[in-house]
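Below are the chains, spelled out letter by letter.
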Amino acid sequence: MTLDADGATTGNGVVGVNSDTILALEDVNGTGGADTLRGSSLGNVLDGRGGNDKIFGGGGFDSLFGGSGDDAIDSMDAGTADRVNCGAQAGDTATVDDVDQVVGCPDEGAGLTVVDTTPPETTIDGLTIPKTPKGSVTLSFSGSDSGSAVVFECKLDGGAFAPCESPHTYTKLKRGGHTVQVRAKDVAGNVDPTPAMRAFTM
């Protein structure tokens, strides 16, 4: 559906006047008034045009345009690279995630808020089983993140993840096969969804 609230429409459209609220549609053009446009879970093209608009993306790959007013744009849908153009007005504000393509918006901290939604990566760099003490294993690991430092959580066999630092040693392990997992977590709270894993035999 394409809906133009400021004039003629195509498809199943609605013509609006002045200030309109339009929810869960894919392609919408606002009016010259203050509009609220909220996208669906699909890919949206939302254009506020004139007026002081509020524009919210959905869960898809969105293109959000503020237009000529002092607009507030929210494109938060983690992991989806949206196109955001505030319209280059002094009073514009936008909240975006760190994979969005942003133009025509204020600088970060002066109206633009960039939220880190990208999880870190985790690597197990080494695993050593020393001769003494028997039943011990030491692993080293590292992580990388686009925006911040990381901390780590480790898990042995069927246990729970718990905070750990590299190098980390497990002791008093029984003979047989074991599996260790390590995951990184960044300052924003994003956790590596695919922990690094290493199997070994004592």
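Cut-offs and rules
Residues numbered from 1 in each chain as written. Predicted model: local features only at pLDDT ≥ 70, side-chain atom pairs only at ≥ 80, totals over all residues. Heavy atoms only, no water. Helix = DSSP H or I, 4+ residues; strand = E, 2+ residues; numbered from the N terminus. Buried < 20%, exposed > 50% of the residue type's maximum accessible area, 1.4 Å probe, protein only. Pairing = 2+ DSSP bridges. Axes fitted to C-alpha atoms, helices over the stretch in contact; angles between N-to-C directions. Salt bridge = Lys/Arg side-chain N within 4 Å of Asp/Glu carboxyl O. Polar contact = N/O pair within 3.5 Å; in protein donor to acceptor, adjacent residues only side chain to side chain. Contact = heavy atoms within 4.5 Å.

1. Quick word on the side chain of Q181
Here is step 1: Mapped onto the elements, Q181 comes out in strand β18 (residues 177-186).
Here is step 2: Of the residues examined, Q181 reaches a relative accessible area of 18% and is grouped as buried.

2. Remarks on the sheet that holds strand β17 (residues 168-170)
Here is step 1: In spatial order, the strands read β13-β14-β17; together these 3 strands make up an open sheet with antiparallel pairing. Unpaired on one side and paired on the other, β13 (121-128) and β17 mark the two borders of the sheet. Put simply, the sheet's adjacent strands are angled 30° from each other on average, direction ignored.
Here is step 2: Of the pairings in the sheet, the one linking β13 to strand β14 (residues 137-144) comprises 7 bridges and is antiparallel in character.

3. Some details on the pattern of salt bridges
Here is step 1: In total, this model carries 2 salt bridges according to the counting rule given.
Here is step 2: R183 is paired through a salt bridge with E153; the nearest N and O atoms lie 2.6 Å apart. Taken together, the positions of R183 in strand β18 and E153 in strand β15 (residues 150-156) put the pair 30 residues apart, joining distant regions of the chain.
Here is step 3: When its relative accessible area of 13% is taken as the criterion, E153 is described as buried.
Here is step 4: The partner of K185 in a salt bridge is E153, with the nearest N and O atoms 3.7 Å apart. Note that K185 is positioned in strand β18 and E153 in strand β15, a separation of 32 residues in sequence.

4. Things to note about the side chain of H178
Here is step 1: Positionally, H178 belongs in strand β18.
Here is step 2: Here D157 takes part through its side chain, which lies 2.8 Å from a polar atom of the side chain of H178.
Here is step 3: Apart from the residues lying within four places of it in its own chain, the contact partners of H178 are L156, D157, L173, R198, A199, F200 and M202.

5. Let's talk about the sheet that holds β18
Here is step 1: On the basis of which strands lie adjacent, the open sheet formed by 4 strands has the order β16-β15-β18-β19 and antiparallel pairing. A single partner strand is all that each edge strand has here, and the edge strands are β16 (162-164) and β19 (196-201). Strand-to-strand, the axes of this sheet are offset by a mean angle of 35°, without reference to chain direction.
Here is step 2: Relative to β18, β15 is paired through 7 bridges, and the arrangement is antiparallel. Note on β18: the bridge partner recorded for C154 is V182.

As far as function goes, none of this settles anything; it's purely spatial.
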